[in-house]
Amino acid sequence: MAPSFLSFASLYSFYLRHCFTSSGLSQKSINIGDETTIHFWAPTQLRQSKPNLVFIHGFGPVSLWQWRQQGINLELPFSEIIRTRQSSKRNCCVGLVQFFAPDFNLYVPDLIFFGDSTTKSSERSEIFQAESVAKLLETLGVEKYSLVGTSYGGFVSYHIARMFPERVEKVVIASSGVNMKKKNNEELVKRAKLEKIDDLMLPQKPSDLRALLGVAVSKPSLLMVPDFFLNDLINKLFAENRNKKVELLSGLTIGQDGSVNISPLQQDVLLVWGDKDQVFPLEMAKDLQGLIGKNVRLEIIKDTSHVPQIENAAEFNEIIRKFLGASP
């Protein structure tokens, strides 16, 4: 493993922390009960006049990497990736956190077993994750809020909105098959040409990470990216708490059989999907639209796959801004 001063992922994480802090956020960890500790980003200075907005990340790296347009184009040759990173230090592109910070009090938690969030509890379901995030917000005195969740974070957002309708104002679910069946997981593993969902969601070698990026982004050209670069990303972004995260995948209540069990939400719901999503294909979004509530809108972002917030951050941000009613 390369020393941290030679690690691309470590250097870029430092840069991303700067972007969060420059947007008026600071990181904290608090205990919620006797068994669970949650790490999160929150406003350094709370403004009571602003509405509250919570971003919930998906499976993969911590929230820091998922809720900011990374400025890394893995379709480029390796030398261009490095050049782009160096350029982005000088020109901090406006990602989702930077875009919404002026209009909202932002809360960006790391889910349990991601980053510094942990628990002694044996619970591993996405429902437990939802209860933990809701408890965090209650502890912080955040009474009303809207949610934006992507992929696995969409599962968590759905359950928070379902269990606490009096607290949640609006819900954005991005690239998240809340209506997933067991066969959807099996088909995904086949598309990725791997044996287990664990190998895809928690890559251990460069070929696994190439498979993940192959279904997560719309136009991957990863064969020219050196293995040492991908190994660095794996070691820094995916390896920590891997066994615990495997337990999270096994603990999902969604997608365990051939049925779909969705209670319609009371809130206004926005679904945002990439038209080329290979993790949760667009057809799932169209089906979900008719199941998840009465006031549901589906927005499709062209030429993006499972991470439209990264592949087309500008359009993704604008769609959510309009839905939440923020000022231009």
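As recorded by an unreviewed UniProt entry, the protein carries the name AB hydrolase-1 domain-containing protein and is attributed to Salix dunnii.

Attention now goes to the overall build of the protein. What the protein contains, in helices and strands, is 14 helices and 9 strands. Taken over 328 residues, the protein has a buried fraction of 55%. Sequence separation of at least 24 residues holds for 75% of the intrachain contacts in the protein that already meet a minimum separation of 6. For the protein, the computed accessible surface area is about 14500 Å², with 49% contributed by carbon and sulfur atoms.

Applying the stated criterion across every chain, the model contains 13 aromatic pairs. Ring geometry for Phe 59 against Tyr 152: centres 5.1 Å apart, planes inclined by 85 degrees, an arrangement best described as edge-to-face. One end of the pair, Phe 59, is in the loop between strand 3 (52–56) and helix 2 (63–66); the other, Tyr 152, is in helix 6 (residues 152–163), with 93 residues separating them in the sequence. Each member of the pair Phe 59 and Tyr 152 is classed as buried. Measuring from centroid to centroid gives 6.3 Å for Tyr 152 and Phe 155, while their planes differ by 65 degrees, and the two rings are edge-to-face.

Moving on, we get to unusual backbone geometry. At Ser 175, a position not held by glycine, the phi torsion is positive, near 50 degrees. Among the secondary structure elements, Ser 175 is positioned in the loop between strand 7 (168–174) and helix 7 (182–192). The phi dihedral of Asn 241 is positive, around 55 degrees, even though this residue is not glycine.

For the pair helix 1 (residues 8–22) and helix 10 (residues 227–238), interaxial distance at closest approach is 8 Å and the crossing angle is 60 degrees. Relative to helix 10, the element helix 1 lies oblique. Where helix 1 abuts helix 10, its residues Phe 8, Ala 9 and Ser 10 lie against Phe 229, Asp 232, Leu 233 and Lys 236. Among the residues making up the contact of helix 1 with helix 10, the classes are represented as 4 nonpolar, 1 polar and 2 charged.

The next point concerns the packing of helix 9 (residues 206–216) against helix 10. Packing of helix 9 against helix 10 leaves a shortest axis separation of 9 Å and a crossing angle of 80 degrees. By the criterion of interaxial angle, the relationship of helix 9 to helix 10 is roughly perpendicular. Counting all contacts with helix 9, which are made through Pro 206, Leu 209, Arg 210 and Leu 212, the residues of helix 10 involved are Asp 227, Leu 230, Asn 231, Leu 233, Ile 234 and Phe 238. Among the residues forming the contact of helix 9 with helix 10, the class breakdown is 7 nonpolar, 1 polar and 2 charged.

Keep in mind that low pLDDT regions are not for reading the predicted coordinates in detail. Per-residue confidence for the protein gives a mean pLDDT of 89; residues scoring 70 or more make up 88%. Ignoring residues within four places in sequence, the model shows residues 70–93, a span with pLDDT below 50, making 42 contacts including any to other chains.

We now examine the pattern of salt bridges. Under the defined criterion, the tally for this structure stands at 10 salt bridges. With its nearest N and O atoms 2.7 Å apart, the salt bridge here joins Arg 124 to Glu 247. With Arg 124 in the loop between strand 5 (118–119) and helix 5 (126–139) and Glu 247 in helix 11 (residues 242–250), this residue pair connects regions lying 123 residues apart in the sequence. Residue Arg 124 is classed as buried on the basis of its relative accessible area of 12%. Among the residues examined, Glu 247 registers a relative accessible area of 33% and is labelled partly exposed. Here Lys 205 makes a salt bridge to Asp 208, at a shortest N to O gap of 3.5 Å. Owing to a relative accessible area of 2%, Asp 208 belongs among the buried residues under this scheme.

Attention now moves to the pairing of strand 1 (residues 25–32). Bridge count between strand 1 and strand 2 (residues 36–43): 8 bridges; the pairing is antiparallel. Residue Asn 31 lies in a different strand from strand 2, and its bridge partner there is Thr 37. The turn joining strand 1 and strand 2, which pair antiparallel and follow one another in sequence, is formed by 3 residues; a positive phi near 85 degrees is taken by Gly 33.

Our focus in this paragraph is helix 9. With 9 of 11 residues buried, helix 9 lies mostly within the body of the structure. Here helix 9 has its buried residues at Pro 206, Asp 208, Leu 209, Arg 210, Ala 211, Leu 212, Leu 213, Val 215 and Ala 216. Check the buried side of helix 9 and you find it contacts helix 7, helix 8 (197–201), helix 10 and helix 13 (308–311).

Cut-offs applied
- Residues numbered from 1 in each chain as written.
- Predicted model: local features only at pLDDT ≥ 70, side-chain atom pairs only at ≥ 80, totals over all residues.
- Heavy atoms only, no water.
- Helix = DSSP H or I, 4+ residues; strand = E, 2+ residues; numbered from the N terminus.
- Buried < 20%, exposed > 50% of the residue type's maximum accessible area, 1.4 Å probe, protein only.
- Contact = heavy atoms within 4.5 Å.
- Areas by Shrake-Rupley, 256 points an atom, 1.4 Å probe, with all protein chains shown as cover.
- Phe/Tyr/Trp six-rings, centres within 6.5 Å; stacked < 30°, edge-to-face > 60°.
- Axes fitted to C-alpha atoms, helices over the stretch in contact; angles between N-to-C directions.
- Parallel < 35°, antiparallel > 145°, perpendicular 65-115°, else oblique.
- Nonpolar A, V, L, I, M, F, W, Y, C, P; charged D, E, K, R; others polar.
- pLDDT = per-residue confidence, 0-100.
- Salt bridge = Lys/Arg side-chain N within 4 Å of Asp/Glu carboxyl O.
- Pairing = 2+ DSSP bridges.

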